[in-house]
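# Overview (structure and organization)
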Amino acid sequence: ESRFRTVNKSFAATCGLETPEQVVGKTDLDIWPQEVAEKYRADDHRTMHSAAPFTDEESIPVQGQIRWFETFKKSVFDDKGNPIGTTGYSRDITERKQAEEELSKRESLFRSITENAFDMISLLDMNGCYTYCNPSYTHSLGYKFDELRGRSALDLLHPDDRSDIQKALQDTREGKVDSYHFETRVLHKDG
């Protein structure tokens, strides 16, 4: 019948109730808005008729706020192997989702700034290989980014300038510095 048999205090509080006993015997339809309740009942039904556990990330209204939860459910079986219900837990992941959203905004801002900058901007991995080059960088050198991705930046430097870059990479790998400033000659694609 999809009635709650037992819940903890956190679940009751999320439902806007003071004690777990206020939830016991009720269904999702008694607690949540109809659209949310119907989804939960469908999730339970699917879980009971599947050997695989159910996981989901979802936003739900909790006391006037939208909160994000990671939910895990699995079937409960009787001694004959027949499904008789579900058990599971939900974890509030609102802070993580907010951090992910903030990170996404910052990445978008970073990309917008670097993609439109007139300065040549590139990122190298700890081995000195290209992981990113902005359009100004590739345009100035005559390469497409796919031609540079994974390639050592040392390949494009004048032989007399390579030792400075190698030292900078070594110092960065060892944590001695996090930035360097120097001038160098770089080989254009046309030679």
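Further up the page is the structure itself.
Read on for an overview of the structure. (Residues numbered from 1 in each chain as written. Predicted model: local features only at pLDDT ≥ 70, side-chain atom pairs only at ≥ 80, totals over all residues. Heavy atoms only, no water.)

### With respect to the side chain of Asp-171
For the record, the criterion: Helix numbering and strand numbering both begin at the N terminus, where a helix is a DSSP run of H or I of at least 4 residues and a strand a DSSP run of E of at least 2. Any pair of residues with heavy atoms lying within 4.5 Å of one another is described as a contacting pair.
Assignment of secondary structure puts Asp-171 in helix α7 (residues 162–173). Among all residues touching Asp-171, those that are not within four sequence positions of it are Lys-176, Val-177 and Tyr-180.

### Here's the deal with the environment of Gly-25
By the element assignment, Gly-25 lies in the loop between α1 (9–14) and α2 (28–31). In the structure, Gly-25 is positioned 114 residues away from His-139 in sequence and 67 Å away in space, judged by C-alpha atoms. Excluding residues within four positions of it along the chain, Gly-25 makes contact with Arg-3 and Phe-4.

### Remarks on unusual backbone geometry
Located in the positive-phi region is Ser-2, a residue other than glycine, with phi close to 60°. Tracing the sequence through the fold places Ser-2 in the segment before α1.

### Overview of the state of the cysteines
This is how the line gets drawn: Two cysteine sulfurs form what is called a disulfide whenever their separation falls within 2.5 Å. Partly exposed describes any residue whose relative accessible area lies between the buried limit of under 20% and the exposed limit of over 50%, with all areas from a 1.4 Å probe on protein chains only and scaled to the type maximum.
Tallied over the entire structure, the rule returns zero disulfides. Here Cys-129 stays unpaired: no disulfide links it, and the sulfur of Cys-133, its closest cysteine neighbor, is 11 Å away. We classify Cys-133 as buried; its relative accessible area is 6%.

### Notes on the pattern of salt bridges
As a working rule, side chains carrying opposite charge can pair if their charged atoms are close by. Keep this limit in mind: Should a side-chain nitrogen of Lys or Arg be within 4 Å of a carboxyl oxygen of Asp or Glu, the pair is scored as a salt bridge.
Across all of its chains, the model carries 21 salt bridges by this definition. Put simply, Glu-100 and Lys-97 hold a salt bridge, and the shortest N to O gap is 3.8 Å. Remark: Lys-97 and Glu-100 occur in helix α4 (residues 94–116); sequence separation between them is three residues, near one turn of the helix. Its relative accessible area of 39% is what places Glu-100 among the partly exposed residues. Here Lys-97 falls in the buried class, since its relative accessible area comes to 19%. Between Lys-189 and Glu-147 there is a salt bridge, and its shortest N-O distance comes to 2.6 Å.

### Comments concerning the sheet that holds strand β2 (residues 65–77)
Put simply, the test is: Any two strands with at least two DSSP-identified bridges between them are counted as paired. Lines are fitted to the C-alpha atoms to define the axes, a helix being fitted only along its stretch in contact, and any angle between axes, read from their N-to-C directions, falls within 0 to 180 degrees.
Strands sit in the order β1-β2-β3 across an open sheet of three strands; the sheet is antiparallel. The sheet terminates laterally at β1 (54–62) and β3 (83–92), the two strands that pair on one side only. Geometrically, the sheet is characterised by an average inter-axis angle of 35° between neighbouring strands, direction not taken into account. Examined bridge by bridge, β1 and β2 share nine bridges and lie antiparallel to one another. Residue pairing across strands places Ile-60 opposite Arg-67, the latter belonging to β2. The strands that α4 touches are β1, β2 and β3; relative to β2, the one it contacts most, it runs at about 125°.

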